[in-house]
Amino acid sequence: MKLQDAFFAERNAAGSFALIGYSVPTSTNFTYAGAIAAANTATSATEKAWSANNLVKLNECTPGGSGTPNWTIKVTPGAPTSAASAGITYEAKVGGTNGSCLSLTPNFTAIDGTID
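So, here's what we can say about the structure. Not measured: the values here are computed from a predicted model.

1. Quick look at the packing of aromatic side chains
Any pair of aromatic rings gets described here by the distance separating the centres and the angle formed by the planes.
So, step 1. By the definition in use, this model includes five aromatic pairs.
So, step 2. Each ring, one from Phe-30 and one from Tyr-32, has its centre 6.2 Å from the other, and the planes form 35 degrees; the classification is tilted.
So, step 3. When its relative accessible area of 23% is taken as the criterion, Phe-30 is described as partly exposed.
So, step 4. On the basis of relative accessibility, which here comes to 26%, the residue Tyr-32 falls in the partly exposed class.

The structure is reproduced here in structure tokens:
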């Protein structure tokens, strides 16, 4: 979040992983993806700006299907105002059947500063 916040402060837009300097982790148990193309920025809400999906079953958390990762973050850049930019907001969601993946990462949805 700090990398994206810093990028937004400079550009008034959300940046791709490459532009903000984020290195995507490598893992045999998870896949990670970003919805903002490599050299692009986003000035409107972007679903799944960051996402992760388990490749193996973790307790009761089964892998998400194609296009439905179990952990996602929606990024919404605020519209610039005359004084300064309005900021950027994040909305974290956890998938899985009946909250099966939420038990693995109970604080993930608090990434936006609120507890659901």
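Read on for the rest.
2. Topic: the nonpolar core
So, step 1. Counting residues in each nonpolar core, the largest one holds 17 residues, and the members touching the most others are Ala-14, Trp-50, Trp-71, Ile-73, Val-75, Ile-88 and Phe-108.
So, step 2. If near-sequence neighbours (up to four positions away) are discounted, Ile-88 is found in contact with Gln-4, Asp-5, Phe-8, Ala-14, Val-75, Thr-76, Pro-77 and Gly-78.

3. Section: the pairing of strand E5 (residues 71-77)
So, step 1. Counting buried positions over the seven residues of E5 gives five, a clear majority of the element.
So, step 2. Sheet topology places strand E4 (residues 46-54) next to E5; four bridges connect them, and they run antiparallel. Across the sheet, residue Trp-50 finds its bridge partner in E5, namely Ile-73.

4. Here we look at the layout of surface pockets
So, step 1. In this model, the largest pocket occupies a volume close to 230 Å³.
So, step 2. Along the wall of the largest pocket there are 13 residues; nearest its centre are Met-1, Ile-20, Tyr-22, Trp-50 and Ile-73.
So, step 3. Among the secondary structure elements, those contributing two or more residues to the lining of the largest pocket are helix H1 (2-11), helix H2 (17-20), E4 and E5.
So, step 4. For the lining of the largest pocket, the residue count by class is 12 nonpolar, one polar and no charged.

5. Here's the deal with the environment of Leu-55
So, step 1. Residue position: Leu-55 is located in the loop between E4 and E5.
So, step 2. For the pair Leu-55 and Pro-69, spaced 14 residues apart in the sequence, the C-alpha separation amounts to 9.9 Å.
So, step 3. Setting aside chain neighbours within four positions, we find Leu-55 in contact with Thr-28, Asn-29, Phe-30, Thr-31 and Pro-63.

6. Some remarks on the pairing of E4
So, step 1. Counting buried positions along E4 gives seven out of nine residues, so the element sits mostly inside the fold.
So, step 2. Here strand E2 (residues 30-33) runs beside E4; their pairing, made up of four bridges, is antiparallel. The partner of Tyr-32 across the bridge, within E4, is Ala-52.

7. A few points about the state of the cysteines
Linking two cysteines covalently via their sulfur atoms produces the bond known as a disulfide.
So, step 1. Scanning the entire structure with this criterion turns up one disulfide.
So, step 2. Note that Cys-61 is cross-linked by a disulfide to Cys-101, the S-S spacing being 1.9 Å. Judged by the torsion about the S-S bond (80 degrees), the Cys-61/Cys-101 disulfide is right-handed. Placement of Cys-61 in the loop between E4 and E5 and of Cys-101 in the segment after strand E6 (88-94) is noted, with a sequence separation of 40 residues between them.

Parameters and conventions
Residues numbered from 1 in each chain as written. Predicted model: local features only at pLDDT ≥ 70, side-chain atom pairs only at ≥ 80, totals over all residues. Heavy atoms only, no water. Phe/Tyr/Trp six-rings, centres within 6.5 Å; stacked < 30°, edge-to-face > 60°. Buried < 20%, exposed > 50% of the residue type's maximum accessible area, 1.4 Å probe, protein only. Core = buried A, V, L, I, M, F, W, Y, C linked by side-chain atoms within 4.5 Å. Contact = heavy atoms within 4.5 Å. Helix = DSSP H or I, 4+ residues; strand = E, 2+ residues; numbered from the N terminus. Pairing = 2+ DSSP bridges. 1 Å grid on protein atoms, 1.4 Å probe; cavity = no way out; pocket = protein on both sides within 12 Å on 5 of 7 lines; lining within 4 Å. Points joined across faces, edges and corners; volume = space filled by probe spheres on them. Nonpolar A, V, L, I, M, F, W, Y, C, P; charged D, E, K, R; others polar. Disulfide = S-S within 2.5 Å.

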